Amino acid sequence: MKKSTVLIFAFALLSITMISCHKGRNTLVNSWKVTNVEVKKPLTDSIKNVILSKGNLTFTKDGKVTGYLDSELNGTFALYKAGKSLIIKDEVGTPYPFASTIEKDQLILDGEEMKLTLDKK
């Protein structure tokens with residue numbers, strides 16, 4: 001009897017966690033264009049201009065992300081804390097953590113080196 005109660009509780013907790021993660025993921029899945037860059041660490045104007053002119057990210061339902069920031073990106077992503085935390089991993093698995101704000105038509109990624117504002121394409 002005790003094992004079945006623990007099993008039911010574990011299943012309920014897992015279900016709640018999965019629902020909260022997918023809620024943010026469904027909002028994030030789309031193509032986004034960089035519209036603003038706020039630098040926190042020294043960054044050349046040419047790199048900032050490249051990010052503004054070419055910067056884009058596309059997130060897919062299967063957890064993949066592609067696009068361009070200061071170079072081509074082809075990696076994976078994971079959302080945590082009900083969509084408030086986003087980790088992007090590049091091709092070699094290097095993690096880039098961001099505090100994220102996901103709205104209907106805007107995505108804000110606040111990282112260690114810069115804060116990016118992206119609009120839905």
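Before reading further, recall that the structure is shown in the block above.
Since the model is a prediction, treat every value here as computed from it, not as a measurement.

A. Summary view of the side chain of Thr-117. Relative to the assigned elements, Thr-117 resides in strand 8 (residues 114-120). Classification of Thr-117 by relative accessible area gives buried; the value is 12%. The residues touching Thr-117, leaving out its near neighbours within four places in the chain, are Lys-33, Val-34, Thr-35, Asn-36, Gln-106, Leu-107 and Ile-108.

B. Molecular detail of unusual backbone geometry. The phi torsion at Lys-81 lies on the positive side, around 50 degrees, for a residue other than glycine. Structurally, Lys-81 is set in the loop between strand 4 (72-80) and strand 5 (85-89). One non-glycine residue, Ala-82, lies in the positive phi region at around 55 degrees. Looking at the secondary structure, you find Ala-82 in the loop between strand 4 and strand 5. The exposure class of Ala-82 is exposed, given its relative accessible area of 53%.

C. Fine view of the layout of surface pockets. Roughly 540 Å³ of internal volume is contained in the largest pocket. If you go around the largest pocket, you meet 19 residues; those closest to its centre are Leu-69, Asp-70, Tyr-96, Phe-98 and Glu-113. Mapped by element, the contributors of at least two residues to the lining of the largest pocket are strand 4, strand 6 (95-102) and strand 8. For the lining of the largest pocket, the leading source of residues is strand 6, giving four residues.

Rules used throughout
Residues numbered from 1 in each chain as written. Predicted model: local features only at pLDDT ≥ 70, side-chain atom pairs only at ≥ 80, totals over all residues. Heavy atoms only, no water. Helix = DSSP H or I, 4+ residues; strand = E, 2+ residues; numbered from the N terminus. Buried < 20%, exposed > 50% of the residue type's maximum accessible area, 1.4 Å probe, protein only. Contact = heavy atoms within 4.5 Å. 1 Å grid on protein atoms, 1.4 Å probe; cavity = no way out; pocket = protein on both sides within 12 Å on 5 of 7 lines; lining within 4 Å. Points joined across faces, edges and corners; volume = space filled by probe spheres on them.

Taken by themselves, the reported measurements are silent on function.
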